[in-house]
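Examination of the molecular architecture
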Number of protein chains: 2
Amino acid sequence: MEQKHTLSVLVENHAGVLSRVAGLFSRRGFNIDSLAVGETTNPGISRITIVVKGDDYIVDQVSKQLNKLVDVIKIKIFKASEYVGRELVLIKVNAPAASRAEVMQLVDIFRANIVDVSTQTLTVEISADQEKISALMSLLDHFGILEVVRTGMIAIERGSAADHIL
Amino acid sequence: MEQKHTLSVLVENHAGVLSRVAGLFSRRGFNIDSLAVGETTNPGISRITIVVKGDDYIVDQVSKQLNKLVDVIKIKIFKASEYVGRELVLIKVNAPAASRAEVMQLVDIFRANIVDVSTQTLTVEISADQEKISALMSLLDHFGILEVVRTGMIAIERGSAADHIL
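Note that this is a predicted model, so its numbers are computed, not measured. (Residues numbered from 1 in each chain as written. Chains lettered and ligands numbered in written order. Predicted model: local features only at pLDDT ≥ 70, side-chain atom pairs only at ≥ 80, totals over all residues. Heavy atoms only, no water.)

Looking at the relation of the copies chain A and chain B
Rotating chain A by 180° about the axis while translating it 0.0 Å along that axis superimposes it on chain B, leaving an RMSD of 0.0 Å. When the rotation and shift are considered jointly, the pair of chain copies conforms to a two-fold rotation axis. Looking at chain A, 100% of its interface residues are interface residues in chain B too, so the copies touch through the same face. (Least-squares fit on C-alpha atoms with pLDDT ≥ 70 in both. Contact = heavy atoms within 4.5 Å.)

Structure (structure tokens):
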């Protein structure tokens, strides 16, 4: 069954590693929904979080191919119940004086934040799971969304288990 | 002078585009600090936010090369004063009963959130600028950071200007 899979990949921070990892997916016709590469506290190591659609068999195959890349240190494929998934989204929404209060109410209800304001717009920051982000965006859509910037989802294992590579 | 540059690149959502964009940086020996690819509200278009170190001349050259890629729609290079930059970080920190209250105080002060708890750990979510994230991480370091997952920075232009490609 086609479903979303979340992969967390620790890699050596060498030139070209990101291009090789992304290339491995595209050569297999895999559509990457989102990808986020962040630093770890070890300057030589980065973590790539990838969300892809596909069936279990193909994800398993890609994971085996990833493991063969020399710069890949470790791969985790998360199952829905075992991780906390979060994404950060910045949304610039149409909000002249007449509708500003109403937009601010929504921001409060969703525990989002306002990070910028102009006479005609508000820029809203929300960090949440996919469901909550979709809900806020569909509500803000009534006012007119002007621009959206998303990080892609990141994920961390529930409980005390840890990579000990920071 | 070597400094950090933030690029926001709108791309057609075709297979291989991410690999080509990342490859363009690595072939020039450019070290990508972070990269985040997120969906836009147009399913055919994604936005890539890239943070790189390098001098102005080289960033300008890479930007010209990016513009030549067929899947690249638009590039913005942000100057420090003109954008809001934010990153989302998940931090799993050592927090047995004896130190849990102290960790929770820090979380409150930084307006961060606790997203998971176990008998020995807390998982903290913070969405902020680089300075605030560094400050929280160096404070949590005293308790023992077990794992860090970062999205990489995303950026949105201040004021009402917008791409109108969502």
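There's plenty left to go through after this.
Re the domain arrangement of chain A
Residue and element names in this part refer to chain A. Parsing chain A into structural domains produces domain 1 (3-78) and domain 2 (84-154). Distance from the C-alpha centre of domain 1 to the C-alpha centre of domain 2: 29 Å. Contacts between the two partners involve 6 residues from domain 1 and, on the opposite side, 4 residues from domain 2. Where domain 1 abuts domain 2, roughly 350 Å² becomes buried across the two surfaces, and 65% of that area is made up of carbon and sulfur atoms. Considering only the side of domain 1, the residues that lose the most area to domain 2 are Ser34, Ala36 and Thr49, jointly responsible for 68% of the buried surface there. Viewed at the interface, domain 2 and domain 1 are joined by 0 salt bridges. One can count 1 residue pair in polar contact (both at pLDDT 80 or more) joining domain 1 with domain 2. Those elements that place two or more of their residues in the side of domain 1 that touches domain 2 are strand E2 (32-39) and strand E3 (45-54). With 3 residues, E2 is the largest single contributor of residues to the side of domain 1 that touches domain 2. Split by residue class, the side of domain 1 that touches domain 2 holds 3 nonpolar, 3 polar and no charged. (Domains from an automatic or database assignment. Buried area = accessible area lost by both parts, 1.4 Å probe. Salt bridge = Lys/Arg side-chain N within 4 Å of Asp/Glu carboxyl O. Polar contact = N/O pair within 3.5 Å; in protein donor to acceptor, adjacent residues only side chain to side chain. Helix = DSSP H or I, 4+ residues; strand = E, 2+ residues; numbered from the N terminus. Nonpolar A, V, L, I, M, F, W, Y, C, P; charged D, E, K, R; others polar.)

Regarding the interface of chain A and chain B
Across the boundary between the two partners, chain A contributes 57 residues, which contact 57 residues of chain B. For chain A, the biggest contributors to the area lost against chain B are A:Glu39, A:Glu147 and A:Ile156; these three give 13% of the whole. Summed over the shared surface of chain A and chain B, the number is 9 salt bridges. Counting across the interface, chain A meets chain B through 17 residue pairs in polar contact (both at pLDDT 80 or more). At 8 residues, E2(A) tops the list of elements feeding residues into the side of chain A that touches chain B. Residues belonging to the side of chain A that touches chain B are distributed by class as follows: 23 nonpolar, 19 polar and 15 charged.

Section: the packing of aromatic side chains
Throughout the structure, instances matching the rule amount to 4 aromatic pairs over all chains. Taking 5.8 Å as the distance between ring centres and 80° as the angle between the ring planes, the aromatic pair formed by A:Phe25 and A:Phe30 counts as edge-to-face. Accessibility classification places A:Phe25 together with A:Phe30 in one group, the buried group. Ring geometry for B:Phe78 against B:Tyr83: centres 5.1 Å apart, planes inclined by 40°, an arrangement best described as tilted. B:Phe78 gets classed as buried once you look at its relative accessible area, which sits at 8%. The class for B:Tyr83 is buried, based on a relative accessible area of 16%. (Phe/Tyr/Trp six-rings, centres within 6.5 Å; stacked < 30°, edge-to-face > 60°. Buried < 20%, exposed > 50% of the residue type's maximum accessible area, 1.4 Å probe, protein only.)

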